[in-house]
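# Overview (structure and organization)
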Amino acid sequence: MSFLDPLIHLQASIIIGILAILSYRLRLLDPRGIIASIPVGYIIYVFGGPHYFILLIAFYSVSGLATRFRIKRIGVDVLDKDWIRSWRNVVANGATAASISLLSAFTGDRGSSILLAAYLGAVGTSFADTLATELGLLYPHNPRLITSMKKVPRGTPGGVSPYGYAGGVLALLILATLSTLMRLSSVRILGILLASGMIGMTADSILGATIQAKYRCPRCGKLTENSTHCGEKAEKVSGTTLIDTHMVNLISTIIGASTASILALT
Ligand SMILES: [Zn+2]
């Protein structure tokens, strides 16, 4: 179905409307997150097509479940990680996938394996990184910083653990299974999905360990990735002010998508 067909717009409106209400009820997103998710989902549904949308929803729902599970196990406020996702989270994880969907409609080759690979690379990176974070937080030991391999407190940007990598692989296997069931991908594209997702996820950790801004709270002395803590402005100790966790996610999805398209080209 082309994006010029009114029926796809009707389908998209109904499905996204229902998902928005469910997300609100289940508190998967905060209100601004829901508002941001509507255009992102709509663009992916209408321009990328229902198959692209199903992959996105797999990422969104499994990540939501994983966050719930982690909170049940270790509590909400252990690591200052948001548990209800915000609009920043939606844009960081959805912008690249939405742009690729738009591109695939206007270049007229939705079936083109390069754009499909790029889409899978972007969603694969977001999904792998999110499940890696959630499962990584359940790891019973401290993670190691990807750059120095020194042990760091849980939740430190750039910290990696075996659980985290297992979470990333699990996310990519879920996407690979779905794309196979929908007859979307060849074996080659599945290989590209796995490789680009792992590279995107690793890039996320490296950027998190290096250029992401880190702050120290003047009140409790804790190192945090948030610019405010304990209700006060925290002091930057390293990284670049503009590069927060969401910016790192966005850059990583671009790296994942570019890696996948280069692999598909060669
Ligand atoms: Zn504090």
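Refer to the preceding data block for the structure.
Below you will find a few notes about this structure.

Cut-offs used in this document
- Residues numbered from 1 in each chain as written.
- Predicted model: local features only at pLDDT ≥ 70, side-chain atom pairs only at ≥ 80, totals over all residues.
- Pairing = 2+ DSSP bridges.
- Helix = DSSP H or I, 4+ residues; strand = E, 2+ residues; numbered from the N terminus.
- Expected span 1.5 Å × (residues − 1).
- Buried ≥ 20, exposed ≤ 12 C-beta atoms within 10 Å, placed from the backbone.
- Arc of directions from axis to C-beta.
- Contact = placed C-beta atoms within 7 Å.
- Axes fitted to C-alpha atoms, helices over the stretch in contact; angles between N-to-C directions.
- Parallel < 35°, antiparallel > 145°, perpendicular 65-115°, else oblique.
- Left-handed = near helix turned anticlockwise from the far one by under 90°.
- Nonpolar A, V, L, I, M, F, W, Y, C, P; charged D, E, K, R; others polar.

Strand order across the open sheet formed by three strands is E4-E3-E7, with antiparallel pairing between neighbours. Each of the sheet's edge strands pairs with one partner strand only, and the pair in question is strand E4 (223-224) and strand E7 (235-238). Bridge analysis of strand E3 (residues 214-216) against E7 gives three bridges, and the strand direction is antiparallel. Paired with Lys214 across the strands is Ser238, a residue of E7.

So, about helix H1 (residues 6-25). In this model, H1 (20 residues) spans 29 Å end to end at C-alpha, consistent with the 28 Å of a helix rising 1.5 Å per residue. By the burial criterion, the buried members of H1 are Ala12, Ile16 and Ser23. Down the axis of H1, the smallest arc covering the buried residues is 20 degrees, so these residues share one side. Exposed side of H1, more than 90 degrees from the buried face: Pro6, Leu7, Leu10, Ile14, Gly17, Ile18, Ile21, Leu22 and Arg25 are the residues found there. Buried residues in H1 make contact with helix H2 (31-48). Taken from the residues just after H1, Arg27 is the one with a positive phi, measuring 55 degrees.

Before going further, it helps to examine the packing of helix H6 (residues 162-181) against helix H7 (residues 187-209). One can describe the packing of H6 onto H7 by two numbers: an axis separation of 10 Å at closest approach and a directional angle of 150 degrees. With respect to H7, the axis of H6 lies roughly antiparallel. Crossing handedness for the pair H6 and H7: right-handed. The segment H6 lies against H7, with Gly168, Leu172, Leu175, Ala176, Ser179 and Thr180 engaging Leu190, Leu193, Leu194, Gly197, Met198 and Met201. Looking at the contact of H6 with H7 residue by residue, the class counts come to eight nonpolar, four polar and no charged.

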